[in-house]
Amino acid sequence: MTLEPLLQKIRRCRVCRDSPEFGQPLSHEPRPVCVASDTAGILIAGQAPGTRVHASGIPFDDPSGDRLRTWMNVDRDTFYDASKIAIVPMGFCFPGLDAKGGDLPPRKECAPLWRDQLLQALPGIRLTLVIGQYAQAYHLGKQREKNLTATVANWRSIRANNNQSVIYALPHPSWRNSGWLKKNPWFETELLPELRRDIADIIST
């Protein structure tokens, strides 16, 4: 299936509410959020939309998105240019909140239904950002380490072993992870400069 018909099917999907295979039905109206183009050279593979993104329908339309754009060294116009950057989370819909008010994990129905098809329809991807444990488990396989910090710290090896589409494993850009950044200064001093160079090379071509 070509990309545009596939995106239309994804946007109409109501499986997690109407016929869920895992757990309780989604308690609110689904709103799949996905941005993609068959010319995109960069793929952002995140977790799932939060409450603000569910309300706006715009991925990373929150402080986490501001931090991610800073990490990438791109402005909003570039970030939301689907011809350059595809944004494809592991779960397309906001999964709801847990008892403590945090976001639930991405719905398990989503990736098996759509992810392989969608990635096959994105032939131009040269760099992938895998954000958080669920995206890393899917995209990295055996390259994933015992925990997120170890996986991100292994960025040089991961980058070198994925030549066709360079992969960077990143922590979630949530401001809740500010403490993690302080404990791991190499992320900003070593990883981000390389990431920004790779992104600039792709966007400029």
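First, a word on scope: everything that follows refers to the structure included in this document. What you are looking at is a predicted structure, and each value in this text was computed from that prediction instead of being measured.

Reading the values: the criteria
- Along each chain, numbering runs from 1 in the same order as the chain's sequence is written.
- Confidence filtering applies because this is a predicted model: local features only for residues at pLDDT of at least 70, side-chain atom pairs given and counted only at 80 or more, and all residues used for totals across whole chains, interfaces and linings.
- Water and hydrogen atoms were dropped before computing side-chain values, which therefore reflect all heavy atoms in the structure.
- As used in this record, nonpolar core signifies buried Ala, Val, Leu, Ile, Met, Phe, Trp, Tyr and Cys residues forming a set joined through side-chain atoms within 4.5 Å.
- The buried label goes to any residue with under 20% of its type's maximum accessible area, the exposed label to any with over 50%, and the partly exposed label to all in between, with areas taken from a 1.4 Å probe on protein chains only.
- By the criteria applied, helices consist of DSSP H or I runs no shorter than four residues and strands consist of E runs no shorter than two, each listed in order from the N terminus.
- Any two residues whose heavy atoms approach within 4.5 Å at even a single point are treated as in contact.
- The definitions used throughout rest on a 1 Å grid laid over the protein atoms alone, on which a cavity is an enclosed set of points accommodating a 1.4 Å probe that cannot get out and a pocket is an open set flanked by protein within 12 Å on both sides along at least five of seven lines; lining residues are those having an atom within 4 Å of a point.
- Grid points are joined across faces, edges and corners, and a volume is the space filled by probe spheres set on the points.
- Amino acid classes used here: Ala, Val, Leu, Ile, Met, Phe, Trp, Tyr, Cys and Pro are nonpolar; Asp, Glu, Lys and Arg are charged; the rest, including Gly, are polar.

1. What to know about the nonpolar core
Ranked by size, the top nonpolar core spans 37 residues in total, and within it Ile44, Leu170 and Phe187 carry the most contacts. With seven residues, helix H11 (residues 186-203) is the largest single contributor of residues to this core. Not counting chain neighbours up to four residues away, the residues in contact with Leu170 comprise Leu68, Trp71, Leu129, Val130, Ile131, Gly132, Gln136, Val152, Phe187, Leu191 and Leu195. One finds Leu3, Ile10, Cys13 and Phe92 within the second-largest nonpolar core, a separate group that totals 18 residues.

2. So, the environment of Asp103
Counting through the fold element by element, Asp103 comes out in the loop between strand E2 (85-87) and helix H6 (110-120). Put simply, Asp103 and Pro49 are 54 residues apart on the chain and 8.9 Å apart in space, counted from C-alpha to C-alpha.

3. Notes on the layout of surface pockets
To find leftover empty space, a probe the size of one water molecule is rolled over the atoms. Roughly 920 Å³ of internal volume is contained in the largest pocket. Around the largest pocket sit 37 residues that line it, and Gln47, Ala48, Asp103, His172 and Ser174 are the ones nearest its centre. Counting only elements with at least two residues in the lining of the largest pocket, the list comes to helix H3 (51-56), helix H4 (63-72), helix H7 (133-140) and helix H8 (148-153). Looking at the lining of the largest pocket residue by residue, the classes come out as 17 nonpolar, 15 polar and five charged. One number sums up the size of the second largest pocket: a volume of about 190 Å³. In this structure, the second largest pocket is lined by 14 residues; those nearest its centre are Gln24, Pro95, Leu104, Pro105 and Arg107. In terms of residue class, the lining of the second largest pocket is made up of eight nonpolar, three polar and three charged.

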